[in-house]
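# Examining the three-dimensional arrangement
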Amino acid sequence: MAFRKEILDWCAQELAVAQFRDFSPNGLQVEGRDEVSTIVCAVTASQAAIDFAVKQQADMLLVHHGMFWKNEAAVITGWKKRRIQTLLTNNINLAGYHLPLDAHPRWGNNVQLAQRLGWQITGCGGEQNLIQYGDLTYEQTAEQLAQEIELGLNHKPILLCANKQQPVRRLAWCTGGGQSFFQQAIDAGVDAFITGEISEPQYHLAQECGVVFIAAGHHATERYGIQALARALASEFGITQQFFDEPNPA
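None of the values given here were measured: they were computed from a predicted structure.

Parameters at a glance
Residues numbered from 1 in each chain as written. Predicted model: local features only at pLDDT ≥ 70, side-chain atom pairs only at ≥ 80, totals over all residues. Heavy atoms only, no water. Helix = DSSP H or I, 4+ residues; strand = E, 2+ residues; numbered from the N terminus. Rg over C-alpha atoms; globule rule 2.2 N^0.38 Å. Buried < 20%, exposed > 50% of the residue type's maximum accessible area, 1.4 Å probe, protein only. Contact = heavy atoms within 4.5 Å. Areas by Shrake-Rupley, 256 points an atom, 1.4 Å probe, with all protein chains shown as cover. Lys, Arg positive; Asp, Glu negative; His and termini not counted. Charge placed at Lys NZ, Arg CZ, Asp CG, Glu CD. Salt bridge = Lys/Arg side-chain N within 4 Å of Asp/Glu carboxyl O. Phe/Tyr/Trp six-rings, centres within 6.5 Å; stacked < 30°, edge-to-face > 60°. Pairing = 2+ DSSP bridges. Axes fitted to C-alpha atoms, helices over the stretch in contact; angles between N-to-C directions. Expected span 1.5 Å × (residues − 1).

## Details of the overall build of the chain
Across its full length, the chain carries 10 helices and 13 strands. Taking 18 Å as the expected radius of gyration for a compact globule of 250 residues, we find that the chain reaches 19 Å, a close match to that expectation. Taking the principal axes of its C-alpha atoms as reference, the chain extends roughly 55 × 35 × 30 Å. Going through the 250 residues of the chain one by one, you find that 53% of them count as buried. The long-range share in the chain, meaning contacts at least 24 apart out of those at least 6 apart in sequence, stands at 66%. Carbon and sulfur atoms make up 48% of the accessible area of the chain, which amounts to about 11,500 Å² in all. Charge separation in the chain, taken as the distance between the mean sites of 18 positive and 26 negative side-chain charges, equals 5 Å.

## Observations regarding the environment of Thr137
Structurally, the position occupied by Thr137 is in strand β8 (residues 131-141). Among residues more than four places away in sequence, those in contact with Thr137 are Gly118, Gln120 and Arg169.

## Points about the pattern of salt bridges
On inspection of all chains with the given rule, the structure shows 6 salt bridges. One salt bridge in this structure joins Glu150 and Lys156, with 3.8 Å as the shortest N-O distance. In this structure, Arg223 engages Asp245 in a salt bridge whose closest nitrogen and oxygen atoms are separated by 3.1 Å. Of this pair, Arg223 sits in the loop between α9 (218-221) and α10 (224-237) while Asp245 sits in the segment after β13 (240-244), and the two are 22 residues apart along the sequence. The partly exposed category is assigned to Asp245, whose relative accessible area is 34%.

## Looking at the packing of aromatic side chains
In this structure the tally under the stated criterion is 7 aromatic pairs. Geometrically, the ring pair formed by Trp10 and Trp107 is tilted, given 5.5 Å between the ring centres and 35° between the ring planes. One end of the pair, Trp10, is in helix α1 (residues 4-14); the other, Trp107, is in the loop between α4 (99-103) and α5 (109-117), and 97 residues separate them in sequence. Of the two residues examined, Trp10 and Trp107, each falls in the buried class.

## Some thoughts on unusual backbone geometry
For Gln57, which is not glycine, the phi torsion reads 55° and is therefore positive. Turning to its location among the elements, Gln57 is positioned in the loop between α2 (47-55) and β5 (60-65). Residue Asn129 is not a glycine yet carries a positive backbone phi of 55°. Mapped onto the secondary structure, Asn129 falls in the loop between β7 (120-125) and β8. When its relative accessible area of 39% is taken as the criterion, Asn129 is described as partly exposed.

## Considerations on the sheet that holds β7
In space, the 6 strands of this open sheet follow the order β7-β8-β10-β11-β12-β9, with mixed pairing throughout. Strand pairing shows two members of the sheet lacking a second neighbour, β7 and β9 (158-160), which therefore form its edges. Averaged over all neighbouring strand pairs, the angle between strand axes comes to 25°, with direction disregarded. When strand β11 (residues 192-195) meets strand β12 (residues 212-215), the two strands line up parallel, connected through 4 bridges. The residue of β12 that forms the bridge with Ile194 is Ile214. Packed on one face of the sheet, α5 meets β7, β8 and β10 (167-174) and runs near 150° to β10.

## Quick notes on α10
Under the 1.5 Å per step criterion, the end-to-end length of α10 is 20 Å for 14 residues, consistent within 8% with the ideal 20 Å. Across the 14 residues of α10, 11 count as buried, placing the element largely inside the fold. Among all positions in α10, only Tyr224, Gly225, Ile226, Gln227, Ala228, Leu229, Ala230, Ala232, Leu233, Ala234 and Phe237 are buried. One or two positions beyond α10, positive phi appears at Gly238, with a value near 65°.

## Some points on the environment of Ile92
In this structure, Ile92 sits in the loop between α3 (78-89) and β6 (93-96). Taking C-alpha positions, Ile92 is 14 Å from Gly27, a pair spaced 65 residues apart along the chain.

## Observations regarding the environment of Leu8
Inspection of the secondary structure puts Leu8 in helix α1. For the pair formed by Leu8 and Ala95, sequence separation is 87 residues and the distance between their alpha carbons is 8.1 Å.

Written out as structure tokens, the structure is:
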């Protein structure tokens, strides 16, 4: 068992939360009981994740995508009321870590994705170091890389390129909604850029610039950081943790 404040203070320090400019609050978002012995972790603080935490009698729901996003309506109605009401009724803490978890050099989504897929990390860059750079262990075609990603993540990616047989070795990636970093990856001279989502302009850039673009799923690419953080908390504080996954196709 640990106290909520101990867990939050540890996360704030280890994730260097104060260094990030973010779109939502990092740390405690809904207050529950003071003592924590069981954590449920999930990618998103959805109603399904909250209901699972209730069933597991969890003291804390730890997520990557929390609530209260910038430019979101401030009123607590509808789905937001139902989520918060469920948390408060069951005295469950909600803690979320967004960009600090993406960029962390050990538990971060980018690093964990590389470990999952066997990529060799060589560095990071871009805004708030949210772009990771690395290499494949051996040269592949764009099509082969997409197939390996599908196998590793159990999610079919979208592959955009001028030629599916073009060789790929140098990579850049940013999990989740990192499609706007594609131009920076092109400028860095990589062979392929992998992220979670896709917008309309990436199709044209991939066709015209000769750099492969792969959208491997926002949820699919961000399953692993929150699990790594939960395991670290379990080890540090002697508490139990469990991951809740959802069949989210996005």
